[in-house]
Every structure is written in C-alpha cells, then in structure tokens.
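What the coordinates show
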Amino acid sequence: MAWKPLPIGIDDFGKIINGKYYYVDKTLFIRELLDMKGEVNLFTRPRRFGKTLNMSMLRYFFEQSPAGNQEFFKNLKIMDTGEEYLRHMGQYPVISLSLKSMKQYSYELAFEMLKKAVEGEFTRHWDEIEKSGKLSEAKLERYIRIRDLKGMEADYADSLKFLSECLYICTGKRSVILIDEYDVPLENAYFSGFYDRMVSLIRSLFESALKTNDSLEFAVVTGCLRISKESIFTGLNNLNVVSITTRSFAEYFGFTPEEVEQMLAD
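Owing to the predicted nature of the structure, the values given are computational and were not obtained by experimental measurement. (Residues numbered from 1 in each chain as written. Predicted model: local features only at pLDDT ≥ 70, side-chain atom pairs only at ≥ 80, totals over all residues. Heavy atoms only, no water.)

Focus: the overall build of the protein chain
Put simply, the test is: To qualify as a helix, a DSSP run of H or I must reach at least 4 residues; to qualify as a strand, a run of E must reach at least 2; elements of each kind are numbered from the N terminus. The rule is simple: take the accessible area with a 1.4 Å probe, protein chains only, and divide by the maximum for that residue type; under 20% is buried, over 50% is exposed, in between is partly exposed. In this analysis, two residues are considered to be in contact whenever any of their non-hydrogen atoms come within 4.5 Å of each other. In these tables, accessible area is a Shrake-Rupley quantity obtained with a 1.4 Å probe, and a residue counts as shielded only by the protein chains included in the view.
Tallying secondary structure elements over the protein chain gives 13 helices and five strands in all. Looking at the protein chain as a whole, 48% of its 266 residues qualify as buried. Looking at the protein chain alone, contacts between residues at least 24 apart form 78% of all its contacts between residues at least 6 apart. Carbon and sulfur atoms form 51% of the exposed surface of the protein chain, whose accessible area is close to 13500 Å².

Notes on the state of the cysteines
Disulfides are covalent bonds that link the sulfur atoms of two cysteine residues. Where we set the bar: For the purposes of this analysis, a disulfide is any pair of cysteine sulfur atoms at a distance within 2.5 Å.
Tallied over the full model, the rule gives zero disulfides. Cysteine C166 remains unbridged, with the sulfur of C170 as its closest cysteine sulfur at 6.5 Å.

With respect to the nonpolar core
Rule in force here: Residues belong to a common nonpolar core when they are buried Ala, Val, Leu, Ile, Met, Phe, Trp, Tyr or Cys residues joined through side-chain atoms within 4.5 Å.
One finds L99, L114, I129, Y143, I179, M198 and F206 to be the most contacted residues of the largest nonpolar core, which totals 43 residues. Of all hydrophobic cores here, the second largest spans 32 residues; its members include F13, L58, F73 and Y92.

Describing the pattern of salt bridges
Between side chains of opposite charge, a pair can form when the charged atoms approach closely. Condition: By salt bridge we mean one thing: a side-chain nitrogen of Lys or Arg within 4 Å of a carboxyl oxygen of Asp or Glu.
For the structure on display, the rule yields eleven salt bridges. A salt bridge links R145 to E141; its shortest N-O distance comes to 3.8 Å. One end of the pair, R145, and the other, E141, are both in helix 7 (residues 137-147), four residues apart, so they sit about a helical turn from each other. Exposure remark for R145: the relative accessible area of 26% places this residue in the partly exposed category. We note a salt bridge from R142 to D158, for which the minimum N-O separation is 2.5 Å. Here R142 is found in helix 7, whereas its partner D158 is found in the loop between helix 8 (153-157) and helix 9 (159-171), with 16 residues between them in sequence. Accessibility expressed as a relative area gives 15% for R142, which makes it buried. Taken together, the shared-partner salt bridges connect E141, R142, R145, D155 and D158 into one network.

Here's what the structure looks like:
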C-alpha cells in the first residue's frame with residue numbers, strides 16, 4: 001500500500017478524501033444510525049474521538065448536492081450495504097452547526113458567536129432558498145435578517161427550526177440537523193457565571209428544532225459531556241442517548257485494537 005499522510009488537525013471528511021489522507025473507514029456508522037431509527041440521537045464521547053469528523057461524514061453522505069457526493073464514498077464500506085441505505089445518499093437538506101466558538105467570557109459575546117454560526121448555515125443554503133422563490137415575504141424578510149446578522153435575540157432562539165421550515169417549503173424535504181459540541185457553551189457558562197441565561201437560550205434553540213418539528217427528518221447531537229435532560233432537553237421524549245458506557249456504536253468513535261494494528265501494518 002502506498003504511503004498516505006495522516007490528516008492531523010483535519011476534521012472535514014471531504015478534505016481527507018480529496019487530499020488522499022489516511023482514513024480509517026467509519027462509514028458503517030451511517031448504516032447503524034439509519035437502523036436505529038432514532039429521531040434525535042445524542043452521542044457523548046471524550047475529545048479527540050472523531051466526533052466532528054463523523055459529523056462531517058454524515059453531512060457529506062446525506063446532503064443534497066448538484067454534483068453528488070457519491071465519489072467521496074467510493075471504495076468505502078457503506079457502498080456495499082445495498083439500496084436500503086444508499087437511497088438516503090444526497091437526499092436531504094442538512095443543517096450543520098458547531099457550537100465550539102461559543103466558549104467566551106460573557107453571555108453577550110457567546111451569543112454573538114452563535115449568531116455567526118447560524119449565519120453561516122443561512123448563507124450556505126441561500127441559493128436554494130432564493131432560486132425556489134417559495135417563501136412568503138415575511139419569511140424571506142426574516143431569513144435575510146438572520147443571514148445578515150441583523151436579527152433580534154428572538155430570531156435566533158428558534159433559528160434552526162425556522163431554517164428547517166424554510167428548507168421544507170423550498171425543497172419539499174425534511175432536514176437532517178447536525179449539532180456538534182453542544183455542551184461547550186453550557187460548560188463554559190457554568191464556570192463563567194452566566195449558566196442560567198445560557199441554558200434558557202440553548203433550551204429554546206434545541207426544543208424548537210428537535211421537539212415536534214414537522215420539518216425534521218432526524219438529528220444527531222454530539223458533545224463531551226452529558227448535560228442533564230432537565231436542563232436543556234425538557235420534554236424531549238424522542239431523545240436517544242448513546243454515551244461512552246454504551247457498547248453500541250463504540251467502534252465508530254476512536255480506534256479499535258484491530259484498527260490500530262492495521263494502521264501500524266500499513
């Protein structure tokens with residue numbers, strides 16, 4: 001086997017595949033996720049266990065793309081699983097949000113970082129929203145307000161649900177929502193003295209998007225810590241928690257002894 005560079009510091013699945021970096025195939029995670037049929041799935045693992053890379057892989061697999069993303073998965077295990085799973089490839093609008101930038105010393109600055117993260121997704125989906133021409137004038141006005149960082153706090157409190165609703169109106173398909181590093185703003189707020197304000201914001205953001213959202217196909221949430229259900233997942237009866245103590249999905253985060261042996265052999 002030809003030598004390949006290690007993807008040190010790279011957590012974008014597409015960059016790893018296009019750059020021909022060494023990649024330990026975790027794509028069967030997609031099959032097990034579909035088999036589980038969980039509407040909202042929370043995975044908690046320590047840092048450096050590949051959570052962000054797996055979330056990137058999910059986005060590349062499920063997201064609608066004019067060019068198609070099948071080439072990224074060529075020769076990977078998921079391609080041998082059959083039509084039952086491959087029919088989901090490239091079929092959904094995907095909302096992908098990381099909250100890692102919200103580790104700030106004040107609530108106000110953390111909220112500004114949330115606005116920027118949300119703006120990134122509204123900007124990323126703008127072309128399909130604009131081309132469809134299906135949004136009402138009021139919805140389009142609010143969309144542009146959030147996209148241009150001019151929204152009020154209330155605009156962002158349910159912004160993920162609003163974006164999924166807009167995408168459903170414009171594409172006719174429900175969204176896959178991916179939220180990475182969900183615990184970062186909460187852990188930081190706890191130690192910085194504004195936990196109560198942050199919990200209220202995150203609870204509103206999550207509950208609106210993940211509970212009784214008719215525009216949601218399914219969601220995956222990742223983080224290092226399990227924040228109590230009472231804090232931010234109140235009433236979220238569709239939450240499936242897969243922690244580090246759970247044997248299922250264990251081989252898709254970090255490396256198994258067999259994978260380490262294979263890497264050393266290569």
